[in-house]
Amino acid sequence: MRLEGKVAAITGAGRGIGFAAARLFAAEGAKVYLLDIDEKIGAEAEASIINDGGKVKFIQLDISDREAVKNAFSVIGEYDGKLEVLYNNASVFLGKQDNIISELSPEIWDRILGINLNGLFYCCKYALPLMLANSNGSIINTASSAGVIGIPKCDAYTATKGATVSLTRSMAVEYGPMGIRVNCIAPAAIKTPMVKESNLDDPDFDEKVFLQKGTPLRRWGYPDEIARIALFLASEESSYLNGAIIVADGGITIT
Ligand SMILES: NC(=O)c1ccc[n+]([C@@H]2O[C@H](COP(=O)([O-])OP(=O)(O)OC[C@H]3O[C@@H](n4cnc5c(N)ncnc54)[C@H](O)[C@@H]3O)[C@@H](O)[C@H]2O)c1
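Residues numbered from 1 in each chain as written. Predicted model: local features only at pLDDT ≥ 70, side-chain atom pairs only at ≥ 80, totals over all residues. Heavy atoms only, no water.

Visitor: So, the site of the ligand: which residues are in play, and what are the values?
Guide: Surveying the vicinity of the ligand reveals 30 residues, the closest of which are Asp36, Asn89, Tyr157, Ile190 and Thr192. Contacts to the ligand include Arg15, whose side-chain N or O atom sits 2.8 Å from an oxygen atom. Between Ala189 and the ligand, the recorded distance is 3.2 Å, taken from a backbone N or O atom to an oxygen atom. For the ligand, whose unbound accessible area comes to 840 Å², protein coverage reaches 95%. Contributing elements (two or more residues each) for the shell around the ligand: α1 (16-27), α5 (155-175) and α6 (193-200). A per-element tally of the shell around the ligand places α6 first, with 3 residues. A breakdown of the residues in the shell around the ligand according to their chemical character gives 17 nonpolar, 8 polar and 5 charged. (Near = heavy atom within 4 Å. Polar contact = N/O pair within 3.5 Å; in protein donor to acceptor, adjacent residues only side chain to side chain. Areas by Shrake-Rupley, 256 points an atom, 1.4 Å probe, with all protein chains shown as cover. Helix = DSSP H or I, 4+ residues; strand = E, 2+ residues; numbered from the N terminus. Nonpolar A, V, L, I, M, F, W, Y, C, P; charged D, E, K, R; others polar.)

Visitor: Give a description of the pairing of strand β6 (residues 180-187) that names residues and reports values.
Guide: For β6, a buried count of 8 out of 8 residues is recorded, marking the element as mostly surrounded by other parts of the structure. Sheet topology places strand β5 (residues 137-142) next to β6; 6 bridges connect them, and they run parallel. Note that in β6 the partner of Ser138 across the bridge is Arg181. Handedness of the crossover joining β5 and β6 through α5: right-handed. Relative to strand β7 (residues 245-248), β6 is paired through 4 bridges, and the arrangement is parallel. Paired with Cys184 across the two strands is Ile245, which belongs to β7. (Buried < 20%, exposed > 50% of the residue type's maximum accessible area, 1.4 Å probe, protein only. Pairing = 2+ DSSP bridges. Right-handed = clockwise from strand over helix to strand, strands pointing away.)

Visitor: Pulling in residues and values, what's your account of the state of the cysteines?
Guide: Considering all chains together, one arrives at 0 disulfides under this definition. Of the cysteine sulfurs around Cys154, a residue in no disulfide, the closest is that of Cys184, at 16 Å. The structure places no disulfide on Cys184, whose sulfur is separated from the nearest cysteine sulfur, that of Cys124, by 11 Å. We classify Cys184 as buried; its relative accessible area is 0%. (Disulfide = S-S within 2.5 Å.)

Visitor: An account of a nonpolar patch on the surface is needed here, citing residue identities and associated values.
Guide: Taken together, Val148, Ile149 and Val247 make up a surface patch of nonpolar side chains, about 200 Å² in accessible area. Here Val247 shows up in strand β7. The class for Val247 is partly exposed, based on a relative accessible area of 38%. (Patch = residues over 30% accessible without salt bridge, like charges linked within 9 Å, V, L, I, M, F, W, Y side chains within 5 Å. Salt bridge = Lys/Arg side-chain N within 4 Å of Asp/Glu carboxyl O.)

Visitor: Please set out the packing of aromatic side chains residue by residue, giving values where relevant.
Guide: To describe a pair of aromatic rings, you give the distance between the ring centres and the angle between the ring planes. Tallied over the full model, the rule gives 6 aromatic pairs. An angle of 50° between the planes, with centres 5.6 Å apart, marks the rings of Phe205 and Phe210 as tilted. Residue classification places Phe205 among the partly exposed positions, given a relative accessible area of 22%. With a centroid separation of 6.3 Å and an interplanar angle of 40°, the aromatic rings of Phe205 and Trp220 are classed as tilted. Here Trp220 lies in the loop between α7 (207-214) and α8 (223-234) and Phe205 lies in the loop between α6 and α7, a separation of 15 residues in the sequence. For Trp220, a relative accessible area of 4% translates into the label buried. Counting every residue linked through ring pairs, the aromatic cluster contains Phe205, Phe210 and Trp220. (Phe/Tyr/Trp six-rings, centres within 6.5 Å; stacked < 30°, edge-to-face > 60°.)

Visitor: Quick rundown of the side chain of Thr142? Include the residues and the values.
Guide: With respect to the element layout, Thr142 can be found in strand β5. By relative accessible area, which is 11% here, Thr142 ends up buried. A distance of 2.7 Å separates the side chain of Thr142 from the backbone oxygen of Asn88, its partner in a polar contact. If near-sequence neighbours (up to four positions away) are discounted, Thr142 is found in contact with Tyr87, Asn88, Asn89, Lys161, Thr164, Cys184, Ile185 and Pro187. (Contact = heavy atoms within 4.5 Å.)

Visitor: I'd like a rundown of the pattern of salt bridges, residues and numbers included.
Guide: Inspection of every chain in the model, using the stated rule, returns 11 salt bridges. Notably, a salt bridge pairs Lys96 with Asp204, separated by 4.0 Å at the nearest N-O pair. Of this pair, Lys96 sits in the loop between β4 (85-87) and α4 (106-132) while Asp204 sits in the loop between α6 and α7; the two residues are 108 residues apart in sequence, bridging distant segments of the chain. For the pair Lys96 and Asp204, a shared accessibility class is recorded, and that class is exposed. A salt bridge links Glu225 to Arg219, with the nearest nitrogen and oxygen atoms 2.8 Å apart. Members of the salt-bridge network, linked through shared partners, are Lys96, Asp202 and Asp204.

Keep in mind these numbers describe shape, not what the thing actually does.
Right, dumping it as structure tokens:
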């Protein structure tokens, strides 16, 4: 029970990495708020974790909607009066709509930045008072290989993930003295619905070639493998880790 008595909020908790983390955090004793834009998968995730004996509550929201985010954290404040863990996991990738800058529509740029970057800002902004009240908290941000190396044809996504890395570092310096650690996980090639939609469903994507030539471990990563890193960052086991960017990609970005 590594998160016994803690209150956690996870964005994008309805599926993929966020759902795996929500299930794991609940199994480790946390009360977990599942924040997701999708009413259906959010409610299903909530029911499934409750069925396993976990304490969770689903709040439907779009993280790019500032008022909705503000309301969600005020609900958490009313119910629990505190928050120890914020896992900023929700993002969109928008595969073929994102592009190289000269071919990228301003509307798609705005949409991706609105969710991946403004959403991150709003969640941190409205969660922080609940953490600062007890001088205790762990914020886990989510970058990507796209925040560490150049990935072509997804410039809006890449811009948000690079910004997430930079913001993690500055927040770690700013909030460390106030008892709040801020770290970041940069995953790649984790088999989730996002990867199915952006790669596996693409007729031009050759899975066999990708796994053999692009991945040193010769396989996909799995949501539970990222969730376990998030659990480490959420728990006291990582008590001296602050401002770290944990690249969790089986070695893809070092090849
Ligand atoms: N899967 C990978 O290989 C990979 C690689 C690099 C980075 N990441 C990052 O990991 C995180 C999780 O990725 P995933 O693969 O599990 O994604 P996913 O698309 O499978 O799940 C994302 C979840 O976020 C929710 N969401 C989307 N927009 C939202 C919004 N505006 N407000 C609230 N919720 C919203 C979705 O409903 C969904 O439940 C993302 O930040 C992603 O960029 C994933």
